[in-house]
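Residues per chain, in single letters:
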Amino acid sequence: QALIDRVFDLSRAFYARPDEDKRQVTVNDWHRGFVRAGEAKMYQGARPDLKESFVWGLDTATDAGAPDAFGTPPNRWPTFLPELRPTLDRYFQETNQVGWRLLRAFAVAIGEPEDRFVRTTTRPTTRGTMIYYPPQPPDLGDEQFGVSPHTDWGCLTLLYQDQTGGLEVKGRDGGWVTAHPIPGTFVVNVGDLLARWTNDRFTSNPHRVVNRAGRARYSVAAFVDPDRDTIIDP
């Protein structure tokens, strides 16, 4: 919990900086770095998402501007917040360990060998994202989202959200259910890849964010995935 709290403190510090500072680490060609509000949307025709995000992945301890020999994308770290790099790197390692344990349980639950989904995790393609949602003015209507309805495309997502609320999950009846924040817990989403890998024994669940609280919302997501050369054999 202390590590999670530290990540959220740094997230607030990062997003409190002037836009010109954050743009020093503007997202690169491999989708690592800062994404401004209005630069992301989940599907064609949707309004741009009302959020800012900072994306990172496996840190290769290099500041090269291109993927390394293994194809690992380079991260972009801000010089104005030097403690962000070691803190997010540790968070990356810790959430991967949680994800691997969960994936072992998922495998056993459907009668598969325990290591079915975690055979190749030396250089995982897991991504982490710190997300900031500004308050959403009520006059923006019902079609403006912090994040538009979507499914995640990887294996498992571990989402830690603050107490602001706004996450909604689509139920089996087609209605939207509020995923109320519960202190000390992750929301776990099954992604498209795990659904494919298990022949839909596990379902990739649509979800969205609408920040109606009138105050800023912060969350951190870890999209846990195996190595890039993993064979997906359903």
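None of these values were measured; they are calculated from a predicted model. (Residues numbered from 1 in each chain as written. Predicted model: local features only at pLDDT ≥ 70, side-chain atom pairs only at ≥ 80, totals over all residues. Heavy atoms only, no water.)

Draft legend 1. Local environment of the sheet that holds strand S7 (residues 176-178). One open sheet holds the four strands; their spatial order is S4-S9-S6-S7, and the pairing between them is antiparallel. A strand with exactly one partner marks an edge of an open sheet, and here the two such strands are strand S4 (147-150) and S7. Strand-to-strand twist across the sheet, computed as the mean angle between neighbouring axes with direction ignored, equals 25°. Where strand S6 (residues 167-170) and S7 come together, three bridges link them in antiparallel fashion. What sits directly across from Glu-168, in S7, is Thr-178. (Pairing = 2+ DSSP bridges. Helix = DSSP H or I, 4+ residues; strand = E, 2+ residues; numbered from the N terminus. Axes fitted to C-alpha atoms, helices over the stretch in contact; angles between N-to-C directions.)

Draft legend 2. Spotlight on the environment of Ala-195. Note on placement: Ala-195 falls in helix H4 (residues 192-197). Residue Ala-195 is classed as buried on the basis of its relative accessible area, which comes to 4%. Taking the C-alpha atoms as reference points, Ala-195 and Asp-162, 33 residues apart in sequence, are found 28 Å from one another. Setting aside chain neighbours within four positions, we find Ala-195 in contact with Val-190, Asp-200, Phe-202 and Ser-204. (Buried < 20%, exposed > 50% of the residue type's maximum accessible area, 1.4 Å probe, protein only. Contact = heavy atoms within 4.5 Å.)

Draft legend 3. Here's a closer look at the environment of Val-108. Checked against the element boundaries, Val-108 lands in helix H3 (residues 84-109). Each C-alpha atom, one on Val-108 and one on Asp-192, is 19 Å from the other, the two residues being 84 residues apart in sequence.

Draft legend 4. Focus on the pattern of salt bridges. Under the definition given, this model contains 13 salt bridges. Between Arg-116 and Glu-112 there is a salt bridge whose closest N-O contact spans 2.9 Å. Residue Glu-112 is classed as partly exposed on the basis of its relative accessible area of 31%. Three or more residues joined by partner-sharing salt bridges are found here, namely Glu-112, Arg-116 and Asp-233. (Salt bridge = Lys/Arg side-chain N within 4 Å of Asp/Glu carboxyl O.)

Draft legend 5. Looking closely at the packing of aromatic side chains. Per the counting criterion, the structure on display carries 11 aromatic pairs. By the ring-pair criterion, three or more aromatic residues cluster together here, those being Phe-14, Tyr-15, Phe-34, Phe-54, Trp-77, Phe-80, Tyr-132 and Tyr-218. The aromatic ring of Trp-176 is capped on one face by Arg-208, whose charged end is 4.2 Å from the ring centroid. (Phe/Tyr/Trp six-rings, centres within 6.5 Å; stacked < 30°, edge-to-face > 60°. Lys NZ or Arg CZ within 6 Å of the ring centre and 35° of its normal.)

Draft legend 6. A look at the nonpolar core. Among the nonpolar cores identified, the biggest contains 24 residues, and Phe-14, Phe-54, Trp-56, Leu-84 and Met-130 are the most heavily contacted of them. Within the residue set of this core, elements represented by two or more residues are helix H1 (2-15), strand S2 (52-57), H3, strand S3 (127-133) and strand S10 (217-224). For Trp-56, the residues in contact, after removing those within four places along its chain, are Arg-32, Asn-75, Trp-77, Leu-88, Asp-89, Tyr-91, Phe-92, Arg-127, Gly-128, Thr-129, Met-130 and Val-220. Core analysis: the next-biggest nonpolar cluster, separate from the first, contains 16 residues, Phe-106, Phe-117, Cys-155 and Val-190 among them. (Core = buried A, V, L, I, M, F, W, Y, C linked by side-chain atoms within 4.5 Å.)

Draft legend 7. Representation of the side chain of Thr-129 in the model. Of note, Thr-129 is situated in strand S3. For Thr-129, a relative accessible area of 7% gives the class buried. Once residues lying within four places of it in the same chain are set aside, the contact partners of Thr-129 are Ser-53, Phe-54, Val-55, Trp-56, Ser-219, Val-220, Ala-221 and Phe-223.

Draft legend 8. Just unusual backbone geometry, in detail. With a phi angle near 60°, His-31 is a residue other than glycine that sits in the positive phi range. Here His-31 lies in the loop between helix H2 (19-22) and strand S1 (33-35). The exposure class of His-31 is partly exposed, given its relative accessible area of 39%. A positive phi is found at Asn-199, a non-glycine position, where the angle reads about 50°. Take Asn-199: it is sitting in the loop between H4 and strand S9 (207-209).

Draft legend 9. Just H3, in detail. Look at H3: 37 Å from first C-alpha to last across 26 residues, which is about the 38 Å you get at 1.5 Å a residue. Taken residue by residue, H3 has Leu-84, Thr-87, Leu-88, Tyr-91, Phe-92, Thr-95, Asn-96, Gly-99, Trp-100, Leu-103, Phe-106 and Ala-107 as its buried positions. Gly-111 occupies a position one or two residues after H3 and carries a positive phi of about 75°. (Expected span 1.5 Å × (residues − 1).)

Draft legend 10. Seen up close, the packing of H1 against H3. At their nearest, the axes of H1 and H3 sit 10 Å apart, and the two run at 135° to each other. As judged from the angle between their axes, H1 and H3 are oblique. Considering only the axes of H1 and H3, their crossing is left-handed. Within the contact between the two elements, H1 uses Leu-3, Ile-4, Arg-6, Val-7, Leu-10 and Phe-14 and H3 uses Leu-84, Thr-87, Leu-88, Arg-90, Tyr-91 and Glu-94. Split into classes, the residues belonging to the contact of H1 with H3 amount to eight nonpolar, one polar and three charged. (Parallel < 35°, antiparallel > 145°, perpendicular 65-115°, else oblique. Left-handed = near helix turned anticlockwise from the far one by under 90°. Nonpolar A, V, L, I, M, F, W, Y, C, P; charged D, E, K, R; others polar.)

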